[in-house]
Every structure is written in C-alpha cells, then in structure tokens.
Amino acid sequence: MIKKQFTPKKTVCKVTFTVCTEKANDSVAVLGDFNNWDPTANPLSNKNGDWETTVKLNPNEEFKFRYLIDGSVWENDEAADAYVTNEFGTQDSVVNTNI
C-alpha cells in the first residue's frame, strides 16, 4: 500500500510504503530509482501489525520500485500508480508524485 502526503509548500512528497505482516517473516525493504535499488537504504519496520517506512521524494516525478521480502522474494505493490516492464522481463511498480 502507498500513502502520499505533500509538505505545505509542496516541495516534498512523503510516501509511506506498507506491506502486510503476513507477507514477510524477517524483513522487508523497498528498492527503487529513488535509492539506486539499494536493499539497505530503506528497510521497513514492523509497526502496528504491518511493515512500514516513509521516504521523502521530489514532487512531479515517477519512480520505479519493488519490495524485497525476506531477502529473496520480489513483490510489487498492489496499490501502485502504474506498472512497467523492466529489463528482466518482469514488472516494476511505479509511484507518481505529481501534485
């Protein structure tokens, strides 16, 4: 799940990425264009029964991303704004930060 919130001057879009607890045993990370697909840059924390993290992104851009679950399973976000085919022949989720 994705939740977007803009700062009052709309200079930053805070995007909260959430994955249901049932989907992961040990870890979840969100990897994408915004963190150079680094699995250590944005780990999700297990909060309130779900895995969650918030990332600050520039407004009026599109970012491809996926979740890495338990270090080996790639998962898309079912609430993504769009999906695009990647160079591996699978799909990436897209989050759009248009104002």
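Up top is the structure.
The model shown is predicted, which means the values in this text are computed figures rather than measured ones.

Student: Help me understand the overall build of the chain, please; the structure alone is not making it clear to me.
Tutor: Secondary structure assignment for the chain yields 0 helices and 9 strands. Counted from the first residue to the last, the chain has its helices and strands arranged as β-β-β-β-β-β-β-β-β. Taken over C-alpha atoms, the radius of gyration comes to 13 Å for the chain, in line with the 13 Å a tight globule of 99 residues would show. Overall, the C-alpha framework of the chain stretches about 40 × 35 × 20 Å when taken along its three principal axes. Measuring between centres, the 10 positive side-chain charges of the chain sit 11 Å from its 15 negative side-chain charges.

Student: What's the story with the sheet that holds strand β4 (residues 45-47) in this structure? I'm lost.
Tutor: Hydrogen bonds along the backbone pair up the strands of a sheet, which may run parallel or antiparallel. Overall, antiparallel pairing links the 4 strands, which are arranged β1-β2-β5-β4 in an open sheet. Each edge of the open sheet is held by one strand with a lone partner, namely β1 (2-6) and β4. Strand-to-strand, the axes of this sheet are offset by a mean angle of 30 degrees, without reference to chain direction. Bridge count between β1 and strand β2 (residues 13-20): 5 bridges; the pairing is antiparallel. Counted as the bridge partner of Lys4 is Val15 from β2.

Student: Can you walk me through the environment of Thr90 in this structure?
Tutor: Summarising the element assignment, Thr90 is placed in the loop between β8 (82-85) and β9 (91-96). Among all residues touching Thr90, those that are not within four sequence positions of it are Arg66, Val84 and Thr85. Looking at Thr90, its side chain comes within polar contact range of the side chain of Arg66, at 3.4 Å.

Student: Sorry, what's going on with the side chain of Thr18 here?
Tutor: Relative to the helices and strands, Thr18 resides in strand β2. Under the relative-accessibility criterion, Thr18 is labelled buried at 10%. Those residues in contact with Thr18 that sit more than four places away from it in its chain are Met1, Asp50, Trp51, Glu52, Tyr67 and Asp77.

Cut-offs used in this document
- Residues numbered from 1 in each chain as written.
- Predicted model: local features only at pLDDT ≥ 70, side-chain atom pairs only at ≥ 80, totals over all residues.
- Heavy atoms only, no water.
- Helix = DSSP H or I, 4+ residues; strand = E, 2+ residues; numbered from the N terminus.
- Rg over C-alpha atoms; globule rule 2.2 N^0.38 Å.
- Lys, Arg positive; Asp, Glu negative; His and termini not counted.
- Charge placed at Lys NZ, Arg CZ, Asp CG, Glu CD.
- Pairing = 2+ DSSP bridges.
- Axes fitted to C-alpha atoms, helices over the stretch in contact; angles between N-to-C directions.
- Contact = heavy atoms within 4.5 Å.
- Polar contact = N/O pair within 3.5 Å; in protein donor to acceptor, adjacent residues only side chain to side chain.
- Buried < 20%, exposed > 50% of the residue type's maximum accessible area, 1.4 Å probe, protein only.

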